[in-house]
Amino acid sequence: MKSEILKMLREDDGYVSGQQLCEKFGVSRTAIWKAINQLKEEGYQVEAVRNRGYHIVSSPDVVTEEELISVLDTVWAGQQVFFFEKTDSTNIQAKQLGEKGMPHGTLVTANQQDKGRGRRGRFWESPAGSSIYMSILLRPEIPPDKAPMLTLVVALSTAEGLKECTGLDVQIKWPNDIVLNGKKLVGILTEMSTEIDYINHVVIGVGINVNIQTFPEELNEKATSIYIETGQKIKRSKIIAVIMKYFEKNYALFMQAQNLENLKDKYNSLLVNREKEVRILGAKEQFTAIALGINRHGELLVRREDGQEEAVFAGEVSVRGVYGYV
Ligand code: BTN
């Protein structure tokens, strides 16, 4: 009921009367009063004016279940939210929920992670309260070899969502980092549970540096946050809601084609290395090439120095800028 109350208060710029709320939820005025008091304790500033009703003045920067449900405008993405004040890793939690049968679109968020996981076994710095740590559980009916493309769908949706919320010129570093002014702003980690020809579930974890003010020294040169770049603090729930909205649309376009045909132009328009020189680092060889953009399978098309074009696969190579990370 608390998230429904929040939603009603948000939808109405004026006041919502106690009577309206009682009728909507079929409960007593005391029950409404108690719920409003709980919201106040959680940091929401709600004004109560005699003969007019309740009015929301401000919300705290939280990513709790009730906050997210009250701001999300989606059909299935994030319609079930599990929030942890502190957890090991939202990817671990989402995988466990996947094994317990939670539905497609279940979203797991945390205020802090103490075993935040990055790609290639790295640690993902996840201090309390300043960033977004979220994982979405998906049950796509596609062959397992197509699932890695979903990471690119999430990268695109995250970049689009961040652009809309902040107006910043965020870009994608293939396949799935999001960068701002040459530094990493977002990391994405996909983990899967599959049979030979069947996906049980896919978990896609997204870490976004939102309001973090400083990084450990070793990350200073490579990582940035929205706050560091703009000096502005942004509500994390708003960002999550907008990303989920884009994701739902992009997911439908992906599922229609079962590849990235409908999304590749949008993705390529955000590609940081497009038409630039990159170093391709593979197990067998390393070479310099011009990055041209992704194809419908999410592979990166590159032109070698001798003019020959080829597609490189994210599982096999990594890409660096010629002068550094981007
Ligand atoms: C990377 O190395 O670039 C990927 C980082 C992914 C971090 C996110 S934070 C939310 C989710 N939970 C995790 O443990 N990892 C991902």
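Coordinates for the structure precede this section.
The model shown is predicted, which means the values in this text are computed figures rather than measured ones.

A. Looking closely at unusual backbone geometry. With an omega dihedral of 0°, the bond running from tryptophan 174 to proline 175 counts as a cis peptide bond. Following the sequence through the fold, proline 175 ends up in the loop between strand E6 (171–173) and strand E7 (177–180). Of note, the phi angle at asparagine 51 is positive, near 65°, even though the residue is not glycine. Positionally, asparagine 51 belongs in the loop between strand E1 (45–49) and strand E2 (53–58). Even without glycine at this site, arginine 120 takes up a positive phi of about 55°. Along the chain, the position of arginine 120 falls in the loop between strand E4 (107–110) and strand E5 (132–138). The class of arginine 120 is exposed, set by a relative accessible area of 61%.

B. Expanded view of the sheet that holds strand E11 (residues 286–294). Pairing within the open sheet is antiparallel, and its five strands lie in the order E13-E12-E11-E10-E14. The sheet is open, and its two borders are formed by strand E13 (309–312) and strand E14 (317–321), each paired with just one other strand. Shown here is a sheet whose adjacent strand axes are inclined to one another by a mean of 45°, direction ignored. As paired elements, strand E12 (residues 300–304) and E13 share four bridges and run antiparallel to each other. Bridge assignment links leucine 300 to a residue of E13, and that residue is valine 312.

C. Geometry of the pattern of salt bridges. Applying the stated criterion across every chain yields a total of 16 salt bridges. What you see here is one network of salt bridges that share partners, running through Lys2, Glu42 and Glu66.

D. Fine view of the packing of helix H1 (residues 2–11) against helix H3 (residues 29–41). Two numbers describe how H1 lies on H3: the axes approach to 10 Å, and their chain directions differ by 85°. Here H3 runs roughly perpendicular to H1, going by the angle between their axes. Contact residues: H1 offers Lys2, Ile5, Leu6 and Leu9, while H3 offers Ile32, Ala35, Ile36, Gln38 and Leu39. Here the residues of the contact of H1 with H3 sort into seven nonpolar, one polar and one charged.

E. Examining the side chain of serine 225 more closely. Turning to its location among the elements, serine 225 is positioned in the loop between strand E9 (199–208) and helix H7 (226–230). Here isoleucine 228 takes part through its backbone nitrogen, which lies 3.0 Å from a polar atom of the side chain of serine 225.

F. Local environment of the site of the ligand. What surrounds the ligand is a group of 20 residues, the closest being Ser89, Gln113, Arg117, Arg119 and Lys184. Here glutamine 113 contributes a side-chain N or O atom positioned 3.0 Å from a nitrogen atom of the ligand. Within the backbone of arginine 117, one N or O atom sits 2.6 Å away from an oxygen atom of the ligand. Taken by itself the ligand offers 410 Å² of open surface, and the protein chains cover 99% of this. Put simply, the parts of the chain that give the shell around the ligand at least two residues each are helix H5 (90–99), E5, strand E8 (183–194) and E9.

G. The arrangement of the packing of H1 against helix H2 (residues 18–25) in detail. Where H1 contacts H2, the two axes come as close as 12 Å, and the packing angle between them is 135°. Taken as axis vectors, H1 and H2 run oblique relative to one another. Where H1 crosses over H2, the handedness of that crossing is right-handed. Taken together, the residues of H2 that come into contact with H1 (itself represented by Glu4, Ile5 and Met8) are Leu21, Lys24 and Phe25.

Conventions adopted
Residues numbered from 1 in each chain as written. Predicted model: local features only at pLDDT ≥ 70, side-chain atom pairs only at ≥ 80, totals over all residues. Heavy atoms only, no water. Helix = DSSP H or I, 4+ residues; strand = E, 2+ residues; numbered from the N terminus. Buried < 20%, exposed > 50% of the residue type's maximum accessible area, 1.4 Å probe, protein only. Pairing = 2+ DSSP bridges. Axes fitted to C-alpha atoms, helices over the stretch in contact; angles between N-to-C directions. Salt bridge = Lys/Arg side-chain N within 4 Å of Asp/Glu carboxyl O. Parallel < 35°, antiparallel > 145°, perpendicular 65-115°, else oblique. Contact = heavy atoms within 4.5 Å. Nonpolar A, V, L, I, M, F, W, Y, C, P; charged D, E, K, R; others polar. Polar contact = N/O pair within 3.5 Å; in protein donor to acceptor, adjacent residues only side chain to side chain. Near = heavy atom within 4 Å. Areas by Shrake-Rupley, 256 points an atom, 1.4 Å probe, with all protein chains shown as cover. Left-handed = near helix turned anticlockwise from the far one by under 90°.

Honestly, it's all geometry; don't read function into it.
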